[in-house]
Amino acid sequence: MLSSLPNLLTLSRIVVIPLLLASLYLPGNLGSWVPLGLFIAAGITDFLDGYFARRYRQTSNLGRFMDPVADKLLVASVLLVLVGIGRIGEWDLIPATIILCREILVSGLREYLAELRVGMPVSKLAKWKTTAQIFAICFLLGGPAVEGQFDAILVGQVLLWIAGSLTVWTGYDYLRLGLKHMMEEGS
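Residues numbered from 1 in each chain as written. Predicted model: local features only at pLDDT ≥ 70, side-chain atom pairs only at ≥ 80, totals over all residues. Heavy atoms only, no water.

Asks: Hey, could you go over the overall build of the chain for me, with residue numbers and the actual values?
Replies: Tallying secondary structure elements over the chain gives six helices and zero strands in all. Beginning at the N terminus, the succession of helices and strands in the chain can be written as α-α-α-α-α-α. Relative to the globule expectation of 16 Å for 187 residues, the C-alpha radius of gyration of the chain, 18 Å, shows essentially globular dimensions. The C-alpha extent of the chain, read off along each of the three principal axes, is 60 × 40 × 25 Å. (Helix = DSSP H or I, 4+ residues; strand = E, 2+ residues; numbered from the N terminus. Rg over C-alpha atoms; globule rule 2.2 N^0.38 Å.)

Below, the structure written as structure tokens:
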């Protein structure tokens, strides 16, 4: 099933990560526009892999595993490099760190609950968190290219704080659900 279109699209999100990160070091505005374009393209593949998997009945265990892993690898690696190149710094490290920690927490909870055969559906608030996070990263990636026209980096930082706040809230909801099942199992 690795060669199915949905799985290839998911895999492409992982393969693009080194290219996206390296493109941040291109000279001038290329160092903003190219990584932004690659990040947007990766986001489109995230939509398309699920669409094609459902449309053509090509869902698979491999796809269910790889899709969230690809998303987390992409977001985590971009956030870390944005810190390294100074687009996320000082106080903005707080929401970025919260986002990374929540991703690890939720991944662990999902793995544990899967053993209990308990699903952990994505909440609407978590979808809003993801939306704020994606837009924050887009503004932080492309920001220097529009410097002087408007402060896209500031917009990205504000959105990062919004995503970080929603991350705390949704992380708590997921943790509470996970603990409920852990306590029931221990009884």
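Asks: Account for the packing of aromatic side chains, naming residues and giving values.
Replies: In the structure shown here, the tally under the stated rule is four aromatic pairs. Considering the side-chain rings of Phe-47 and Tyr-51, the 6.1 Å spacing of their centres and the 15° angle between planes classify their relative orientation as stacked. Remark: Tyr-51 and Phe-47 occur in helix α2 (residues 30-55); sequence separation between them is four residues, near one turn of the helix. Owing to a relative accessible area of 35%, Tyr-51 belongs among the partly exposed residues under this scheme. Taken together, a centroid distance of 6.3 Å and an interplanar angle of 85° make the contact between Phe-139 and Phe-150 edge-to-face. Taken together, the residues span a long stretch of sequence, with Phe-139 in helix α5 (residues 124-142) and Phe-150 in the loop between α5 and α6 (152-186) at a distance of eleven residues. Owing to a relative accessible area of 24%, Phe-139 belongs among the partly exposed residues under this scheme. In this structure Phe-150 comes out as partly exposed when scored by relative accessible area, which is 42%. Members of the aromatic cluster, connected to one another through ring pairs, are Phe-47, Tyr-51, Phe-52 and Tyr-56. Above the ring of Tyr-174, the side-chain terminus of Arg-110 is found at 5.6 Å from the ring centroid. (Phe/Tyr/Trp six-rings, centres within 6.5 Å; stacked < 30°, edge-to-face > 60°. Buried < 20%, exposed > 50% of the residue type's maximum accessible area, 1.4 Å probe, protein only. Lys NZ or Arg CZ within 6 Å of the ring centre and 35° of its normal.)

Asks: So what about unusual backbone geometry? Which residues, and what values?
Replies: Positive phi, normally seen in glycine, also occurs at Glu-90, with a value near 45°. In this fold, Glu-90 is placed in the loop between α3 (61-84) and α4 (93-115). For Glu-90, a relative accessible area of 68% gives the class exposed. Of note, the phi angle at Arg-117 is positive, near 60°, even though the residue is not glycine. Along the polypeptide, Arg-117 turns up in the loop between α4 and α5.

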